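Observations on chain architecture
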Amino acid sequence: MTTPEAEQSKASRPEERLEKAVRAAEQALIEYEIAVETFRVEVENFARLHEQRLGPLYARIEELDARIAEARAAQTQDPEDIRRAEEARAALQQIPGVEELMHGWMDGHGLFPEAAAMLTDQAVRPPERVRPSEEARKLYRELARKAHPDLAQEENERKRREEFITRVNAAYARGDEKLLQELAAEWAAGPVPPERQPSPADELYARLEWLSQRKELLTLVARELEDGAIAGMLRLAPDDPDSLLEEIAERLRSDIQHRENDLAALLTQE
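What comes next is a walk through the structure. Along each chain, numbering runs from 1 in the same order as the chain's sequence is written. Per-residue local features of the predicted model are confined to residues with pLDDT of at least 70, and side-chain atom pairs are confined, for both listing and counting, to 80 or more; whole-chain, interface and lining totals are unaffected and use all residues. As a convention, hydrogens and water are excluded, and side-chain values are obtained from all of the structure's heavy atoms.

**Remarks on the packing of helix α2 (residues 16-76) against helix α9 (residues 200-227)**
- Axis lines are fitted through C-alpha atoms, for helices just across the contact stretch, and the angle between N-to-C directions can take any value from 0 to 180 degrees. For the purposes of this entry, the term helix denotes a DSSP run of H or I that reaches at least four residues, the term strand denotes a run of E that reaches at least two, and both are numbered from the N terminus. Direction vectors running N to C along α2 and α9 enclose 20°, while the axes themselves pass 10 Å from each other. Overall, the two elements α2 and α9 adopt an arrangement that is roughly parallel. For α2 against α9, the interelement crossing comes out left-handed.
- In the scheme used here, Gly and all other residues not listed as nonpolar or charged are polar, with Ala, Val, Leu, Ile, Met, Phe, Trp, Tyr, Cys and Pro taken as nonpolar and Asp, Glu, Lys and Arg as charged. Looking at side-chain class alone, the contact of α2 with α9 contains 19 nonpolar, one polar and eight charged residues. Note on terminology: angles under 35 degrees are roughly parallel, angles over 145 are roughly antiparallel, angles of 65 to 115 are roughly perpendicular, and the others are oblique. The handedness criterion is simple: a crossing whose near helix is rotated anticlockwise from the far helix by less than a right angle is left-handed, and one whose near helix is rotated clockwise is right-handed.

Set out below in structure tokens:
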């Protein structure tokens, strides 16, 4: 038999089921965000390795192609050969110089670890994965729920919330628990008059809507990453991407040797 007190307690919490739905959606979204962010880091890291290890080989092939075209044009004096040679050289000159390529991974003391490892044929250490702590995840959930822009009634308040949420997202992406704590304190002290605060039910409905929109956005980001060329290469060798890069490098070295032979033959004929 249900007591009057139980009935009263049940009636006083009409949004309880909605709260459970929001918590479940929040947890699912956070796990999905972590998975997408992890995949993004893996793709970006592999793209960097691809550029570091194969970039010089591709550049050498393009240089040889330009020199071969120039040598052939010098021999034939054919206008079409001359045009091709000029186009090849012009395209090559658009490639950044060594100083530009080195900018950002070289300091006053020499090479950064990634560059030094590459030049000594050592494995390049991948960047550390960011997996926020449980406390950081809790803070993120609370801040995203309280400060969501859709809860604003006025445009100025919406802008304030959007700017604040941007800072929250950046702190969470770095797993910065201390900064999230500071942001939580900042929000708690913020200018939100009681009469302008949304009702609990309004907050929950707005939160569910935002979670759905966020999931759709992350799905688009994940799909874009998966459809990229780098992700396609990763799928070919998910357990040993280094071996895939080395296999491609071997083919490029072979192509370079063939081009060098062709260039040498053309120069001998001059």
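**Some thoughts on helix α10 (residues 229-236)**
- The rule is simple: take the accessible area with a 1.4 Å probe, protein chains only, and divide by the maximum for that residue type; under 20% is buried, over 50% is exposed, in between is partly exposed. Those residues of α10 lying buried are Ile230, Ala231, Met233 and Leu234. End-on, the buried residues of α10 take up no more than an arc of 155°, which puts them together on one face. Across α10 from its buried face, at more than 90 degrees, point the exposed residues Ala229, Arg235 and Leu236. Relevant arc is that of directions from the helix axis to the C-beta atoms, nothing else.

**Here's the deal with the environment of Val22**
- For Val22, the location among the structural elements is in helix α2.
- Residue classification places Val22 among the buried residues on the basis of a relative accessible area of 2%.
- Each C-alpha atom of the pair Val22 and Arg145 lies 9.5 Å from the other, and the pair is 123 residues apart in sequence.
- The contact partners of Val22, leaving out residues within four places of it in the chain, are Leu204, Arg207, Leu208 and Leu211. Contacts are assigned to residue pairs that have any heavy atoms within 4.5 Å of one another.

**Description of the packing of aromatic side chains**
- The pairing test for Phe, Tyr and Trp rings, Trp by its six-membered ring, is centres within 6.5 Å, and the orientation test on the planes gives stacked under 30 degrees, edge-to-face over 60, and tilted for anything in between. Summed over all chains, the structure comprises two aromatic pairs.
- Both rings, one in Tyr140 and one in Tyr172, keep their centres 4.2 Å apart while their planes meet at 20°; by these two values the pair is stacked. Residue Tyr140 is found in helix α6 (residues 134-146), and its partner Tyr172 is found in helix α7 (residues 155-173); the two are separated by 32 residues along the sequence.
- Look at Tyr140 and you get buried, because its relative accessible area is 3%.
- Tyr172 gets classed as buried once you look at its relative accessible area, which sits at 7%.
- Ring centres of Phe164 and Trp187 lie 4.9 Å apart, and the angle between their planes is 35°; on these two criteria the pair is classed as tilted. One end of the pair, Phe164, is in helix α7; the other, Trp187, is in helix α8 (residues 177-188), with 23 residues separating them in the sequence.

**Digging into α6**
- End to end, α6 covers 18 Å across 13 residues, agreeing with the expected 18 Å (1.5 Å per residue, within 8%).
- Looking at the buried side of α6, the elements it contacts are α2, α7, α8 and α9. The length a helix should cover is 1.5 Å for every residue beyond the first.

**Points about the pattern of salt bridges**
- Salt bridge criterion: a side-chain nitrogen from Lys or Arg within 4 Å of a carboxyl oxygen from Asp or Glu. This model, assessed by the stated rule, comprises 24 salt bridges.
- With a closest N to O distance of 3.1 Å, Arg160 and Glu157 form a salt bridge. On the criterion of helical spacing, the pair formed by Arg160 and Glu157 is a turn pair, its members being three residues apart in helix α7.
- Its relative accessible area of 10% is what places Glu157 among the buried residues.
- For Glu246, the salt bridge identified is with Arg253, shortest N-O distance 3.1 Å.
- On the basis of relative accessible area, Glu246 is assigned to the partly exposed category, the value being 38%.
- A network of salt bridges, in which partner residues are shared, links Glu80, Asp81, Arg83, Arg84 and Glu87.

**What about the packing of α6 against α7?**
- It is the contact of α6 with α7, at a shortest axis distance of 10 Å, that shows an interaxial angle of 165°. Classified by the angle their axes make, α6 and α7 are roughly antiparallel. Crossing geometry of α6 relative to α7 is assigned as left-handed. Packed against α6, whose contacting residues are Ala136, Arg137, Tyr140, Leu143, Ala144 and Lys146, the element α7 presents Arg161, Phe164, Ile165, Val168, Asn169 and Tyr172 at the interface.
- In terms of residue class, the contact of α6 with α7 is made up of eight nonpolar, one polar and three charged.

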